[in-house]
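Summary of the model geometry
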Amino acid sequence: MYQLAPNIELLFSEAGDYHDRVRAAAAAGFDAVEMWGPTGVDAPATPKDLPALKAALQETGVQLTAQLAEPRTQFMIPPWDHSEFFRKLDEGVEIARDLDCPRLVVGSGTGFGGWKRQVQLDKLVEIYQKAIAQIDGSGIGLVLEPVNVRVDHPGSLLDRTAEAVYVARGVASPQFGVLYDIYHSAVEGEDMEAELAGAGDLIHYVQLADAPGRGEPGTGELDWTERFRLLRDAGYDGPVGLEYYPTTASEASVAHVVEIARAA
């Protein structure tokens, strides 16, 4: 069975603070969770009590599978000052190591109308080559997430899986891969089988939500038995983050995806 990691920004919020959400996820049978930014500065969420979060993870034995790199950076928008990203990258890596989290999620920011798309993709390659060199030896990986521009992230540069794969191939490091989000890919109208085949072993992390609506599997139109089969056939055996907006209580909302993943 795939290791499923509920996103504790969105799921088990009924339990209260983030450390209590970890305990609630563990009580519901999960051995992994994911989250957004470790300090909450990039989201409307309450800043996290990291010592309490660490204690809950250690107490329950739950693995934190992914956290966002902070701050979210507009890499392509003038004046092209990326110093804060690189400064905070070291801090994020230290937090990840302290929480035993193996990966940071990174993005592209908004595209810049003054440059050709190919130029911007190549700039991303340079930026992330520098980032990987900076964190070399840390044991922490970076996963690049393309996001849909049709509904959730209008203006984002990186909205196609194949272009994230292009950047990852250019970075050319085992520490750098692609986050394949089934929801974002579906909203963009991509063929999941073709995208996974094109990515090969560069898919280092997967997230899911149903489409349309970004709710739990079963609330949209995607065939989840088929989606998990495609993942399995592509050779992906890593964790799957449950990054969706539940339409019912958390424990009830995860039941369907747990059932499907168990059979995958």
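In what follows, the structure referred to is the one given above.
This report concerns the structure included in the present document. The structure displayed is predicted, hence computed values, not measured ones. Each chain carries its own residue numbering, running from 1 in the direction its sequence is written. Given that the model is predicted, a residue must reach a pLDDT of at least 70 before its local features are reported, and side-chain atom pairs must reach 80 or more before they are shown or counted; all residues, however, enter totals for whole chains, interfaces and linings. The side-chain numbers reported here are obtained from all heavy atoms of the structure, hydrogens and water having been left aside.

**A few points about empty space enclosed by the protein**
Just so we agree on the cut-off: Cavities and pockets were defined on a 1 Å grid built over protein atoms only: a cavity is a set of grid points that admits a 1.4 Å probe from which the probe cannot escape, a pocket is an open set flanked by protein on both sides within 12 Å along at least five of seven lines, and lining residues are those with an atom within 4 Å of any such point. Grid points are joined across faces, edges and corners, and a volume is the space filled by probe spheres set on the points. Helix and strand assignments follow DSSP, with helices taken as H or I runs no shorter than four residues and strands as E runs no shorter than two, numbered in order from the N terminus. Each residue gets one label: Ala, Val, Leu, Ile, Met, Phe, Trp, Tyr, Cys and Pro are nonpolar, Asp, Glu, Lys and Arg are charged, and the others, such as Gly, are polar.
Scanning the entire structure with this criterion turns up three cavities of 30 Å³ or more. Elements represented by at least two residues in the lining of the largest cavity include exactly strand 4 (67-68) and helix 3 (83-98). If one sorts the elements of the lining of the largest cavity by residue count, helix 3 sits on top with four residues. The class makeup of the residues in the lining of the largest cavity is five nonpolar, two polar and three charged.

**A closer look at the pattern of salt bridges**
Note the following rule: Any Lys or Arg side-chain nitrogen found within 4 Å of a carboxyl oxygen on Asp or Glu counts as a salt bridge. Exposure classes here rest on a 1.4 Å probe applied to the protein chains alone. A residue is buried below 20% of its type maximum, exposed above 50%, and partly exposed in between.
Counted according to the given criterion, the structure contains 15 salt bridges. Among the ionic pairs, aspartate 159 bridges to arginine 117, the shortest N-O distance being 2.8 Å. With aspartate 159 in the loop between strand 6 (141-144) and helix 5 (161-171) and arginine 117 in helix 4 (residues 117-134), this pair connects stretches of sequence that are 42 residues apart. Overall, the relative accessible area of 13% leaves aspartate 159 in the buried class. Residues arginine 214 and aspartate 152 are paired through a salt bridge, measuring 3.5 Å at the closest nitrogen-oxygen approach. Of the two residues, arginine 214 sits in the loop between strand 8 (203-208) and helix 8 (224-233) while aspartate 152 sits in the loop between strand 6 and helix 5, which places them 62 residues apart along the sequence. Exposure remark for arginine 214: the relative accessible area of 10% places this residue in the buried category. Take aspartate 152: its relative accessible area is 27%, and that puts it in the partly exposed class.

**Some remarks on the pairing of strand 6**
Our working definition: By definition, the crossover connecting two strands over a helix is right-handed if that path, from the first strand to the second, turns clockwise as seen with the strands pointing away from the viewer. Strands pair, by our definition, only if DSSP identifies at least two bridges between them.
On strand 6, burial covers both faces: Gly141 and Val143 on one face and Leu142 and Leu144 on the other are all buried. Assessed by its sense of winding, the connection that carries the chain from strand 5 (residues 103-106) through helix 4 to strand 6 is right-handed. Bridge count for strand 6 against strand 7 (residues 176-181) is three bridges, and the pairing is parallel. Bridge pairing in strand 7 links leucine 144 to valine 178.

**Regarding the pairing of strand 8**
Of all six residues making up strand 8, five are buried, and the element is well covered by its neighbours. As judged from the four bridges shared by strand 7 and strand 8, these two strands associate in the parallel manner. By the bridge assignment for strand 8, tyrosine 180 is matched with valine 206.

**Some words on the layout of surface pockets**
Using a probe with the size of a water molecule, rolled over the atoms, empty space left in the structure can be pinpointed. In this structure, the largest pocket encloses a volume near 640 Å³. If you go around the largest pocket, you meet 32 residues; those closest to its centre are Leu68, Arg72, Glu145, Val147 and His153. Taken together, the residues of the lining of the largest pocket break down into 14 nonpolar, twelve polar and six charged.

**So, helix 7 (residues 192-199)**
Our working rule: Think of the arc as the fan of directions from the helix axis to the C-beta atoms. In what follows, residue pairs with any heavy atoms lying within 4.5 Å of each other are defined as contacts. The term polar contact refers here to a pair of N or O atoms within 3.5 Å; inside protein, the definition further demands a hydrogen-donor-capable atom paired with an acceptor-capable atom, and it admits residues adjacent in sequence only when both atoms are side-chain atoms.
All of the buried residues in helix 7 are Met192, Glu195, Leu196 and Ala199. For helix 7, the arc enclosing every buried residue in end-on projection is 95°, short of the 170-degree limit, so these residues lie on one face. Taken together, the buried residues of helix 7 touch helix 5, strand 7, helix 6 (182-187), strand 8 and helix 8. By the N-cap criterion, in which a side-chain oxygen at the helix start approaches the backbone nitrogen of a residue two or three places on, helix 7 is capped by aspartate 191, the distance to glutamate 193 being 3.0 Å. Positive backbone phi, at 60°, marks glycine 200, one or two positions downstream of helix 7.

**A closer look at the sheet that holds strand 1 (residues 4-6)**
With parallel pairing, seven strands are arranged side by side in an open sheet as 1-9-8-7-6-5-4. In this open sheet, the two strands that pair with only one neighbour each are strand 1 and strand 4.

Read these as spatial facts, not as claims about activity.
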